[in-house]
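# Topology and contacts: notes
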Amino acid sequence: MSEKINLFFESMAERLTNENDLSDITYALCKTDDDFRKFFLEYCFESPVDTDNLIREYADEGSRPDFYFIGRDNNEYLIEVKIYDRNQLLDQYNKQFPNANYAYISNYILNDGDLCDADRKALPLWKLKTWLEFYEKLSESGIREKELVAGYLSYLREVIHVREFERMDISKISCLPIFIGNIEKVANDKGFSTYSGAKAINECYYGRFFQKENFYFW
């Protein structure tokens, strides 16, 4: 990957960090690179899927899925994108698009306890995916060497906060942030969100607070 391509995507990751930004950039790459589009759609739906009419933010009577398309197999598909937002609309989409295939890709594990009763009943119809797993699979794929795909990976790594575990050497004070970062990754993977409503760091201690439903820990 050229330095300019890398710098371009890294610069976007500094500013374009929310769900809409991630969806827009993923959409743009889907429209630009056929191999990437096929890879992304196949990952989301766990089968070979492709389309000539991928639509970003398809609006229909109050519903607006992040991605919507009619596949080349003439079936209907939609994808809901999340990073940390937990406002699920599963039941609403099921009612609005009763014949669609559904995929939900997020930066967290979606648990039954996170859902209202209606969404819990709708959940079995959805393919549940994570951005981290997509990042890992794309990183191992044959298209990762393409410049735009490599740049997208560098962008995605920053936006979804991919952390690689590192061996900790307690003789080096610089390892403490690495240790906390690894704990944060494990907690997020288990469905906990970082909680900033209480001070977790002062001159005597260093850490993070986490929250899941009504349970908190430091």
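Residues numbered from 1 in each chain as written. Predicted model: local features only at pLDDT ≥ 70, side-chain atom pairs only at ≥ 80, totals over all residues. Heavy atoms only, no water.

Attention now goes to the overall build of the protein. The helix and strand tally for the protein stands at eight helices and eight strands. Buried positions account for 43% of the 218 residues belonging to the protein. When contacts within the protein are restricted to residue pairs at least 6 apart in sequence, those whose partners lie at least 24 apart make up 54%. Accessible surface, the protein as shown: approximately 12,400 Å² in total, 49% of it carbon and sulfur. (Helix = DSSP H or I, 4+ residues; strand = E, 2+ residues; numbered from the N terminus. Buried < 20%, exposed > 50% of the residue type's maximum accessible area, 1.4 Å probe, protein only. Contact = heavy atoms within 4.5 Å. Areas by Shrake-Rupley, 256 points an atom, 1.4 Å probe, with all protein chains shown as cover.)

With that out of the way, let us pick up a nonpolar patch on the surface. Side chains of L176, F179, I183 and Y206 sit close together on the surface and give an oily, nonpolar patch of about 300 Å² of accessible area. Within the secondary structure layout, Y206 lies in the loop between β6 (193-195) and β7 (209-212). (Patch = residues over 30% accessible without salt bridge, like charges linked within 9 Å, V, L, I, M, F, W, Y side chains within 5 Å. Salt bridge = Lys/Arg side-chain N within 4 Å of Asp/Glu carboxyl O.)

Y206 gets classed as partly exposed once you look at its relative accessible area, which sits at 31%. For the pair formed by Y206 and I180, sequence separation is 26 residues and the distance between their alpha carbons is 8.5 Å.

Before going further, it helps to examine the confidence of the model for the protein. Taken as a whole, the protein shows an average pLDDT of 86; of its residues, 89% reach a score of 70 or greater. Mean pLDDT per element in the protein: strand β8 (residues 215-217) is the minimum at 73, and helix α3 (residues 34-45) is the maximum at 98. (pLDDT = per-residue confidence, 0-100.)

Where helix α2 (residues 19-32) contacts helix α7 (residues 147-159), the two axes come as close as 11 Å, and the packing angle between them is 170°. The pairing of α2 with α7 is recorded here as roughly antiparallel in orientation. Touching D21, L22, I25, T26, L29 and T32 of α2 are L148, V149, Y152, Y155 and L156, all from α7. Looking at the contact of α2 with α7, its residues break down into eight nonpolar, two polar and one charged. (Axes fitted to C-alpha atoms, helices over the stretch in contact; angles between N-to-C directions. Parallel < 35°, antiparallel > 145°, perpendicular 65-115°, else oblique. Nonpolar A, V, L, I, M, F, W, Y, C, P; charged D, E, K, R; others polar.)

What follows concerns helix α1 (residues 3-15). Over its 13 residues, α1 runs 19 Å from end to end, which matches the ideal 18 Å to within 8%, given 1.5 Å per residue. Among the residues of α1, I5, F9, M12 and A13 are the ones counted as buried. For α1, the angular spread of the buried residues around the axis is 105°, confining them to a single face. Across α1 from its buried face, at more than 90 degrees, point the exposed residues E3, K4, L7, E14 and R15. Against α2 and α7 lie the buried residues of α1. (Expected span 1.5 Å × (residues − 1). Arc of directions from axis to C-beta.)

Attention now goes to the pattern of salt bridges. Side-chain pairs of opposite charge can arise whenever the charged atoms involved come near each other. Taken as a whole, this structure holds 16 salt bridges when the rule is applied. Here K95 makes a salt bridge to D91, at a shortest N to O gap of 3.1 Å. With K95 and D91 both in helix α4 (residues 90-96) and four residues apart, this pair spans about one turn of that helix. Judged by relative accessible area, K95 falls into the exposed class, the value being 63%. Among the charged side chains, a network of salt bridges with common partners joins D24, R56, E57, R64 and D66.

Once that is clear, we can look at the nonpolar core. Judged by nonpolar contacts, the single largest core of 38 residues is most densely connected at F36, F40, I79, W131, F134 and Y152. Listing elements by their share of this core, those giving two or more residues are α1, α2, α3, β2 (67-70), β3 (76-81), β4 (100-106), α6 (131-139) and α7. For W131, the residues in contact, after removing those within four places along its chain, are L22, T26, F40, V81, K82, I105, S106, N107, Y152, L156 and I160. One finds L78, L115, A122 and L123 within the second-largest nonpolar core, a separate group that totals 14 residues. (Core = buried A, V, L, I, M, F, W, Y, C linked by side-chain atoms within 4.5 Å.)

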